[in-house]
Amino acid sequence: MPGKDFLDPVWTVWRERVADHLDRILPVTADQPGLLHSAMRYSTLAVGKRFRAALVYAAGRYTGAAESALDVPACAVEMVHTFSLIHDDLPAMDDDDLRRGQPTCHKAFDEATAILAGDALQALAFELLTSDSALTVDAERRLEMCQILASAVGTRGLAGGQALDLTESSDITMESLANMHALKTGSLIRASVALGALTGSADETTLDHLDKFADAIGLAYQVIDDVLDGTVSTDVLGKDSGSDRNADKSTYLTELGEQNAREFAQNLHERAISSLDSLSMNTRLLRELAGFTIYRTH
């Protein structure tokens with residue numbers, strides 16, 4: 001992958017930062033309700049890519065934010081992401097057994113505890129944005145960040161995308177497929193970039209360019225996710241592979257084939273990079289993360 005030697009050391013530091021911060025923030029299992037706290041920690045602290053957190057840090061670094069302040073929105077988006085995975089994996093949703101190389105939350109605990117763990121993680125994410133003193137922005141900026149994250153979670157975001165996924169028809173159009181994934185996957189990726197930028201000193205022009213960047217890589221990420229789900233083994237992915245195919249769902253792989261799907265993702269990547277061209281500061285980390293979306297293997 002281009003830039004791997006440049007990106008990997010920085011991303012490793014970010015993973016460690018967000019993991020350490022999450023470990024401190026999440027309620028301990030010794031406190032009641034211990035089972036719920038255990039489920040929250042089990043799913044959130046499982047080894048993951050932390051791609052959304054990396055976008056927070058990269059966008060925040062570009063706009064001049066301190067990494068200690070960026071820990072807060074990075075953790076918030078990771079908790080919201082984990083909440084969405086816990087709920088998506090439930091039998092009433094995608095009914096998956098494996099996530100991040102370990103049994104899904106409802107398999108390791110039970111369905112009721114998994115639902116509550118997701119609920120509690122979502123609530124804790126907003127509690128962080130509103131009250132954590134490490135986030136050195138004013139109350140108006142905190143409110144704006146909460147609004148962005150809330151929108152990414154609701155009917156115009158994760159929940160809406162999952163609802164469309166559950167009611168998908170066999171004759172879904174490419175436009176409908178793109179809209180579904182813009183909500184289900186792209187909304188939190190866009191929020192991650194926005195929250196990072198807002199922790200710094202981003203102006204409206206910068207935010208607009210960064211949002212166009214995030215919109216393109218959000219869809220590219222899902223296109224490659226579809227390809228990997230249908231072509232890579234469960235052991236490599238760390239989650240159930242072929243689940244969309246087994247459920248007879250339309251994906252970019254089934255609709256376009258692997259080569260055309262990868263070419264489509266490449267075009268989205270180029271669109272993302274072009275949105276950064278007019279920005280004045282060093283955006284290399286964002287560009288490298290965009291590259292990761294299309295060259296990743298898991």
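The rules behind these values
- Residues numbered from 1 in each chain as written.
- Predicted model: local features only at pLDDT ≥ 70, side-chain atom pairs only at ≥ 80, totals over all residues.
- Heavy atoms only, no water.
- Helix = DSSP H or I, 4+ residues; strand = E, 2+ residues; numbered from the N terminus.
- Rg over C-alpha atoms; globule rule 2.2 N^0.38 Å.
- Buried < 20%, exposed > 50% of the residue type's maximum accessible area, 1.4 Å probe, protein only.
- Contact = heavy atoms within 4.5 Å.
- Areas by Shrake-Rupley, 256 points an atom, 1.4 Å probe, with all protein chains shown as cover.
- Lys, Arg positive; Asp, Glu negative; His and termini not counted.
- Charge placed at Lys NZ, Arg CZ, Asp CG, Glu CD.
- 1 Å grid on protein atoms, 1.4 Å probe; cavity = no way out; pocket = protein on both sides within 12 Å on 5 of 7 lines; lining within 4 Å.
- Points joined across faces, edges and corners; volume = space filled by probe spheres on them.
- Nonpolar A, V, L, I, M, F, W, Y, C, P; charged D, E, K, R; others polar.
- Salt bridge = Lys/Arg side-chain N within 4 Å of Asp/Glu carboxyl O.
- Core = buried A, V, L, I, M, F, W, Y, C linked by side-chain atoms within 4.5 Å.

**Student:** Help me understand the overall build of the protein chain in this model?
**Tutor:** The helix and strand inventory of the protein chain stands at 15 helices and two strands. For 298 residues, the compact-globule estimate of 2.2 N^0.38 gives 19 Å, and the protein chain sits close to it at 18 Å. A buried classification covers 53% of the 298 residues belonging to the protein chain. Here the analysis covers contacts within the protein chain between residues at least 6 apart in sequence; of these, 73% occur between residues at least 24 apart. Summed over its atoms, the accessible surface of the protein chain is roughly 12,800 Å², and 51% of this surface lies on carbon and sulfur atoms. Of the charged side chains in the protein chain, 26 are positive and 45 negative, and the gap between their average positions amounts to 4 Å.

**Student:** Would you mind showing me how to read empty space enclosed by the protein here?
**Tutor:** One way to see where empty space is left: roll a probe the size of a water molecule over the atoms. Throughout the structure, instances matching the rule amount to one cavity of 30 Å³ or more. Of the volumes computed, that of the largest cavity is approximately 100 Å³. If you go around the largest cavity, you meet 13 residues; those closest to its centre are Ser-43, Ile-86, Asp-89, Arg-99 and Cys-105. Only helix H2 (34–44), helix H4 (67–88) and strand S2 (102–103) provide two or more residues apiece to the lining of the largest cavity. It is H4 that contributes the most residues to the lining of the largest cavity, three residues altogether. Across the lining of the largest cavity, the residue classes break down as six nonpolar, four polar and three charged.

**Student:** Explanation requested: the pattern of salt bridges in the structure shown.
**Tutor:** Side-chain pairs of opposite charge can arise whenever the charged atoms involved come near each other. Within this structure, the stated rule accounts for 19 salt bridges. Between Arg-271 and Asp-215 there is a salt bridge, with its nearest N and O atoms 3.7 Å apart. With Arg-271 in helix H14 (residues 258–276) and Asp-215 in helix H10 (residues 204–231), the pair connects residues that are 56 residues apart, well separated along the chain. On the accessibility criterion, Arg-271 (43% relative accessible area) is partly exposed. Among the salt bridges present, the one from Glu-288 reaches Arg-284, with a minimum N-O distance of 3.2 Å.

**Student:** Would you take a moment to explain the layout of surface pockets for this structure?
**Tutor:** A volume near 340 Å³ is recorded for the second largest pocket. Considering the residues around the second largest pocket, the lining is formed by 17 residues, among which Ile-148, Arg-190, Ala-191, Ala-194 and Asp-211 are closest to the centre. Elements represented by at least two residues in the lining of the second largest pocket include exactly helix H7 (139–153), helix H9 (174–199) and H10. Here the lining of the second largest pocket takes eight residues from H9, the largest share from any one element.

**Student:** What is the right way to read the nonpolar core from this model?
**Tutor:** Across soluble globular proteins, nonpolar side chains have a tendency to be buried as a group. Ranked by size, the top nonpolar core spans 75 residues in total, and within it Phe-51, Leu-129, Leu-149 and Leu-289 carry the most contacts. With 10 residues, H4 is the single largest residue contributor to this core. Grouped together as the second largest cluster of nonpolar side chains are 17 residues, Leu-177, Ile-224, Leu-237 and Leu-268 included.

**Student:** Sorry if this is basic, but what is going on with the side chain of Glu-78 here?
**Tutor:** By the element assignment, Glu-78 lies in helix H4. Here Glu-78 falls in the buried class, since its relative accessible area comes to 1%. In contact with Glu-78, other than residues within four places in its own chain, are Val-18, Leu-22, Arg-50, Phe-51, Arg-52, Ala-53 and Arg-100.

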